[in-house]
Structures are given as structure tokens and as C-alpha cells.
Amino acid sequence: MSDLTCDVAVIGAGTAGMTAENAARKAGARTLLIDPAFAGTVCASVGCMPSKLLIAAARAAHDAARAEIFGIATDPVIDGAAVMRRVRAERDRFVAGVQNSLDRLPPDVAIRARAWFEGPTALRLDDGRRVTTRATVIATGSAPAIPDPYRDLGDLCLTNRNIFELETLPDSLAVIGAGNVGLELAQAMARLGVQVTVFDRGDTLGISRSDEVNEAIRTALERDLTLRMGTSPEPRREGERVRLDWGDGQSQHFDRVLLAVGRPPQIDGLDLEKTGASLDDKGMPDFSRDTLQIADLPIYIAGDSNGFRPILHEASTEGAVAGRNAAHHPDPRSLDRTPHFTITFTDPPVASLGEGPGPQSLSGTADYSDQGRAKVDAVAHGLVQIHADRHGRLIGADLCAPQGDHLAHHLVWAVMDRVTAADFLRRPFYHPTLEEGLKSALRQICKASETEIPADRDLKDPPGS
Ligand SMILES: Cc1cc2nc3c(=O)[nH]c(=O)nc-3n(C[C@H](O)[C@H](O)[C@H](O)COP(=O)(O)OP(=O)(O)OC[C@H]3O[C@@H](n4cnc5c(N)ncnc54)[C@H](O)[C@@H]3O)c2cc1C
Ligand SMILES: NC(=O)c1ccc[n+]([C@@H]2O[C@H](COP(=O)([O-])OP(=O)(O)OC[C@H]3O[C@@H](n4cnc5c(N)ncnc54)[C@H](O)[C@@H]3O)[C@@H](O)[C@H]2O)c1
């Protein structure tokens, strides 16, 4: 096979890589998109989408089990094999959608191979070919960390890469790591009838920047599962089960263990040292968060592989910017970054956006344990903390509240629009909705910032809101 030449080589055909290739090609570059598998992105195949499909099944089970609250008797039977079949069937449709996009690439753009650097403008492929390029985008994603003791567990050790392949649900599951992956999947499994224990070496839940929000999600989770904070258990395979030992003499057996202890960037094996980039002790190159360029090299790094904001919409935006900048190298343009914004799809969802609470900021809190619409729907739990500057301009929020994924979008858009609490209160709030609950936090910010609550607006909540 003969060597290859291009303007922009993109390493990795995930969300960031596919977007980068497209942006570079639209900017007039001759592109190559290099991936050993073209497996249809982590998001569609083993990340966002199958996890949300499992969560959707869990929500159906949970709603059926609690229908009694409303006077409706149900006795749900969970067919674990059918649950997993639907997860995979719908997941496969998402993956097929990605494969369709890959099939529409111009001929000879997709190269099925693993790549690594031989120099700043030279790549080597594992099929022996060499690629000479003007610029490169690294978009190699991240991979689940697997601490050594768990490697001996064989098929009893799950990660996001194989959990969705389970034929049926296990009776019991230990989840190691109370981050996004761990908590979303732990609660879903528990609501599907699996006995779940979550272990985390941290003493307290750290999913949010706010202690109150961490406490709200902790009490919600403990209705479904056991949380063992401050533990880093030792695993041992015993036949077809895993024994975990922790603390002084405590132990328990589980059918399976799900490892969710972090997702470091997949940069091993890229031979980045051959590019001339200076690397930190983890092998990470220094890169600009504005342009995604590594030093002054013709190399850009996007998505989970740069470790900055390892979430989907950031991978997509960064991919577009890295692709465009690689095509226009050496004249990269800065990325117009949106605020920090994360959502954990637990029930209630947890979100954090913009700036967190700080010494210079004001906060208002909306209590959702006593909110009208939340009580109607029997989901009254949690809180929303809205943060503002001293003039009452919204700068961020932390929350754990019913439909918190939607509330968080209203808030992050308001932060981007540089809206003040008073501006926000001028908008209509339909009754009875969860949005209406935000008003109490906004009024507190008006008061603390000594700004007027707009004329013609209520000064306190009407009954039932
Ligand atoms: C269980 C789970 C749930 C998630 N849920 C959400 C969610 O709800 N919302 C959200 O915003 N985010 C979520 N995420 C995060 C989201 O999936 C990632 O941020 C996103 O998929 C990252 O995309 P990427 O393009 O950076 O990497 P990837 O999609 O992983 O693509 C990387 C590609 O690089 C290729 N590659 C690696 N090394 C090489 C090499 N040397 N040569 C060639 N190719 C290479 C790989 O084969 C792969 O195709 C979730 C993640 C997980 C694991
Ligand atoms: N809804 C979403 O947006 C979503 C969902 C899932 C994943 N993700 C992405 O995936 C990334 C990785 O998620 P993650 O949950 O794997 O990692 P994480 O870094 O968010 O959490 C890992 C947790 O594991 C704990 N831990 C580490 N080593 C341990 C050990 N040996 N024993 C016990 N506990 C240990 C840590 O204290 C930490 O709480 C997230 O940062 C996020 O960007 C996003």
C-alpha cells in the first residue's frame, strides 16, 4: 500500500474527529479521517445513548412501582433480558445513523488504521503506511481507567464498554466510583431491581460544586441503593462472583463489578514526544483552550482527548474549531466558548453551570421539596442555587431538582444572555410549573443585590406554587 498525503489528518473518528474532518473539508482542505474501528462513536455505542436508554427503562420501572402513590395498583415485573435487548436495539439504530454519515464521506477519506506521530507533520499507520500532512487534529477520546487489581476479574468486571452487552441484569452489582458514569448507571440498575452498592474513595459525594446539592442527591440515591463513601475496596474473584473487602474486615460478594473510576485521555501510543511538544508527567501536551493548538505546532487536540471538558457538546464544538483551525494553520481563530455546563442524568438530575458559589457572589435558593408542581407530581425533592454578581446579574447555578436538566438549560441561556435576576422575573412563569419554583431564588438575589423586584410582579409565591 502506498503512503498518503493530505492537508489535514484527523486521528480518531468519534464525535470530535468526525466534526473536525467535516469542518476541515468545508474549509477546503484535503482530509484523512483515521480510526482503527469506525465503531460509531463512544457516545452512540457505549456512552451517552445506551446509558440514557438504560435510564429510560429504569424510569419506566420506577414510575410503575410508585404508581400506587396516585391510587393506581401495579405490580411491575422486570424482564432483564428484554430491557437489555431494547437498550441494544435502540443503541444500534443510533450507531447505524453514525455509520451512515461515515458512508457518505468522499472516497479515500476514511482510513482504517491506528496512527501515531513520527514527527510534527508525519504519521505512521499500523498497516505500515506513512502519512505526510500539513496539520493534524488529535481526537482520540478517553477510555475507562482500570486499576490493576480489577484486571484479574475477567468477565465479572464491567466498564461502559461491555455493560450494555449483558444478556440480562445481574442480581447484584458493585459500582466503583461515584462520578457521572457510576451514579447514572448505579441508580438505573437499582431501579431495575439489581442490588447495587456504590463505593467511592472520596469521603463525600463530589458530583456538584455545592454541598447542599451533593447532600440532596445523596439522600435521593440512598432510597435506591447503598452508598459507601471513603472506601476503595480490594477485589478478588471467587468462582463466578467477586468478593470486595474494605475498611477493617468488611466484605461482600457481588455478581458483577462496574468500574467507573475516571476516563483519562487516550493519548498513550501516539508518540507525542516525537512532535517536539513538551509533555507533563501524564504525557499530556500543553494546548490552548482558545484555539486547541498544541504549542506552536501544526497539531490541534479536541474532545475527550484533551481532558478539558469531556462531554459531548464540547467534543462536537471543539472538533469543528480544531478542524477549521487545522485547515487554516498557521492562522488559528479562537473558540467562542460557552459556559461550563454539566448534567448528571440521575433522578433528580444534577446540574452545574457557569460559575459556582464564590466569596464575591450572591446566591438565592429555590427549595423543591416544597414546590407546587413538584408536589403534584410527587417528585418534591432537591433545590436550585442560582449565583449572581453583586449587581444581581446571573453568573451560574448548581442544582438537584425534578426536571433539573431542563431548568438548567433555562439558567445557562440566561447566564449567556447576561440577564439579571430582575430581568428574569419580568418574564412570564406559567402556573403550576417547575420553572415557577425558580422565582423564589431570583427574588432572594434581587434582595441581596439591592435591586428592585420589577413593578407589577408578585413579591411572594401565590398559594400552590
Ligand atoms: C457511559 C457514558 C455516558 C456518557 N453520557 C454522556 C452524556 O449523557 N452527555 C454528555 O455530554 N456526555 C456523555 N458522555 C461523554 C461523551 O460520550 C464523550 O464526551 C464523547 O463521546 C467524546 O467524544 P470524542 O470524539 O472526544 O471521543 P470518542 O467518541 O471516544 O472518539 C475517539 C475515537 O478515537 C479513536 N482512536 C483512539 N486512538 C486512536 C489512534 N491512535 N489512531 C486512530 N484512532 C484512534 C477511537 O477508536 C475512537 O473512535 C458519556 C460517556 C460515557 C462513557
Ligand atoms: N451525563 C454526562 O454528561 C456524563 C455521563 C457519564 C459520563 N460522562 C463523562 O465521563 C467522564 C468520566 O466519568 P467517570 O464517572 O468514570 O469519572 P469521574 O472522574 O467523574 O468519577 C470517578 C470517581 O471514582 C472515584 N474513584 C477513583 N478511583 C477509585 C478507587 N480506586 N476506588 C474507589 N473510588 C475511586 C473518584 O473519587 C471519583 O468520584 C465524566 O467526567 C464525564 O465527562 C458524562
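Residues numbered from 1 in each chain as written. Chains lettered and ligands numbered in written order. Predicted model: local features only at pLDDT ≥ 70, side-chain atom pairs only at ≥ 80, totals over all residues. Heavy atoms only, no water.

Asker: Looking at this structure, I do not really get the packing of helix 3 (residues 48–65) against helix 4 (residues 80–103). What am I missing?
Answerer: Angle between the axes and distance between the axes are the two parameters that describe a pair of packed helices. Packing of helix 3 against helix 4 brings their axes to within 9 Å, and their N-to-C directions diverge by 145°. Here helix 3 runs over helix 4; the crossing is right-handed. Judged by residue contacts, Met49, Pro50, Leu53, Leu54 and Ala57 of helix 3 engage Val83, Met84, Arg86, Val87, Glu90, Arg91 and Phe94 from helix 4. Classifying every residue of the contact of helix 3 with helix 4 gives 9 nonpolar, no polar and 3 charged. (Axes fitted to C-alpha atoms, helices over the stretch in contact; angles between N-to-C directions. Helix = DSSP H or I, 4+ residues; strand = E, 2+ residues; numbered from the N terminus. Left-handed = near helix turned anticlockwise from the far one by under 90°. Contact = heavy atoms within 4.5 Å. Nonpolar A, V, L, I, M, F, W, Y, C, P; charged D, E, K, R; others polar.)

Asker: What's the story with the domain arrangement of the protein chain in this structure? I'm lost.
Answerer: Interfaces are often sized by the accessible area lost when the parts come together. Per the domain assignment, the segments of the protein chain are domain 1 (4–143 + 264–327), domain 2 (148–259) and domain 3 (341–457). When each unit is reduced to the centre of its C-alpha atoms, the spacing between domain 1 and domain 2 is 26 Å. Counting from both sides, the interface comprises 20 residues of domain 1 and, opposite them, 16 residues of domain 2. Interface of domain 1 and domain 2: buried area, both sides summed, is about 1,600 Å²; carbon and sulfur atoms make up 64% of it. The three residues of domain 1 that bury the most area against domain 2 are Val46, Leu54 and Met84, which together make up 31% of that side's buried surface. Run the count over domain 1 and domain 2 and you get 3 salt bridges. (Domains from an automatic or database assignment. Buried area = accessible area lost by both parts, 1.4 Å probe. Salt bridge = Lys/Arg side-chain N within 4 Å of Asp/Glu carboxyl O.)

Asker: I tried to follow the UniProt feature "domain: Pyridine nucleotide-disulphide oxidoreductase dimerisation" (unreviewed entry) in the protein chain on my own but got confused; where do I start?
Answerer: Sites flagged by UniProt as "domain: Pyridine nucleotide-disulphide oxidoreductase dimerisation" (unreviewed entry) map to residues 342–441. Overall, residues 342–441 shows 27% helix and 27% strand. The separation of its end C-alpha atoms is 20 Å. (UniProt positions renumbered as here; feature names shortened; annotations may be inferred.)

Asker: What am I meant to see in the packing of aromatic side chains here?
Answerer: Two measures describe an aromatic ring pair: the distance that separates the ring centres and the angle between the ring planes. Enumeration according to the criterion identifies 3 aromatic pairs in this entry. Aromatic pair Phe199 and Phe254: ring centres 6.1 Å apart, planes at 85°, arrangement edge-to-face. Residue Phe199 is located in strand 9 (residues 195–200), and its partner Phe254 is located in strand 13 (residues 250–254); the two are separated by 55 residues in the primary sequence. The burial state of Phe199 is the same as that of Phe254; both residues are buried. An angle of 25° between the planes, with centres 5.9 Å apart, marks the rings of Phe424 and Phe429 as stacked. Comparing Phe424 with Phe429, the two get one shared label, buried. Following the ring pairs from residue to residue traces out a cluster consisting of Phe199, Trp246 and Phe254. The ring of Phe424 is capped by Arg427, whose NZ or CZ atom sits 5.7 Å from the centre of that ring. (Phe/Tyr/Trp six-rings, centres within 6.5 Å; stacked < 30°, edge-to-face > 60°. Buried < 20%, exposed > 50% of the residue type's maximum accessible area, 1.4 Å probe, protein only. Lys NZ or Arg CZ within 6 Å of the ring centre and 35° of its normal.)

Asker: I tried to follow the site of ligand 2 on my own but got confused; where do I start?
Answerer: Near ligand 2, the surroundings consist of 20 residues, among which Val181, Glu184, Asp200, Pro310 and Ile343 are the closest. Between a nitrogen atom of ligand 2 and a side-chain N or O atom of Ser232, the distance comes to 3.1 Å. Element by element, the count of residues in the shell around ligand 2 is highest for helix 6 (residues 180–191), at 4 residues. Of the residues that constitute the shell around ligand 2, the class distribution is 9 nonpolar, 7 polar and 4 charged. (Near = heavy atom within 4 Å. Polar contact = N/O pair within 3.5 Å; in protein donor to acceptor, adjacent residues only side chain to side chain.)

Asker: Would you mind showing me how to read the pattern of salt bridges here?
Answerer: Charged atoms that come close allow side chains of opposite charge to pair. Counted under the stated rule, the structure contains 30 salt bridges. Arg130 is paired through a salt bridge with Glu118; the nearest N and O atoms lie 3.0 Å apart. A residue pair is termed long-range when its members are at least 10 positions apart, and Arg130 in strand 6 (residues 130–138) and Glu118 in strand 4 (residues 115–119) qualify at 12 residues. When its relative accessible area of 31% is taken as the criterion, Glu118 is described as partly exposed. Across the pair Asp245 and Arg243 runs a salt bridge, and its minimum N-O distance is 2.9 Å. Looking at Arg243, the relative accessible area reads 23%, which means it is partly exposed. Three or more residues joined by partner-sharing salt bridges are found here, namely Arg236, Glu238, Arg243 and Asp245.

Asker: What am I meant to see in the sheet that holds strand 20 (residues 394–400) here?
Answerer: As a general point, the strands of a sheet are linked pairwise by backbone hydrogen bonds and lie either parallel or antiparallel. Spatial ordering of the open sheet is given by 16-17-20-19-18, a layout of 5 strands whose pairing is antiparallel. Each of the sheet's edge strands pairs with one partner strand only, and the pair in question is strand 16 (341–344) and strand 18 (362–367). With strand direction ignored, the average angle separating the axes of adjacent strands in the sheet is 10°. In this structure, strand 17 (residues 350–354) lies alongside strand 20, joined through 5 bridges in antiparallel fashion. Looking at the pairing, Ala351 lines up with Leu399 of strand 20. (Pairing = 2+ DSSP bridges.)

Asker: Help me understand the layout of surface pockets, please; the structure alone is not making it clear to me.
Answerer: Rolled over the atoms, a probe with the dimensions of a water molecule shows which regions are left empty. In this model, the second largest pocket occupies a volume close to 830 Å³. If you go around the second largest pocket, you meet 34 residues; those closest to its centre are Asp347, Pro348, Pro349, Val379 and Gln403. No other element matches helix 3, which puts 7 residues into the lining of the second largest pocket. (1 Å grid on protein atoms, 1.4 Å probe; cavity = no way out; pocket = protein on both sides within 12 Å on 5 of 7 lines; lining within 4 Å. Points joined across faces, edges and corners; volume = space filled by probe spheres on them.)

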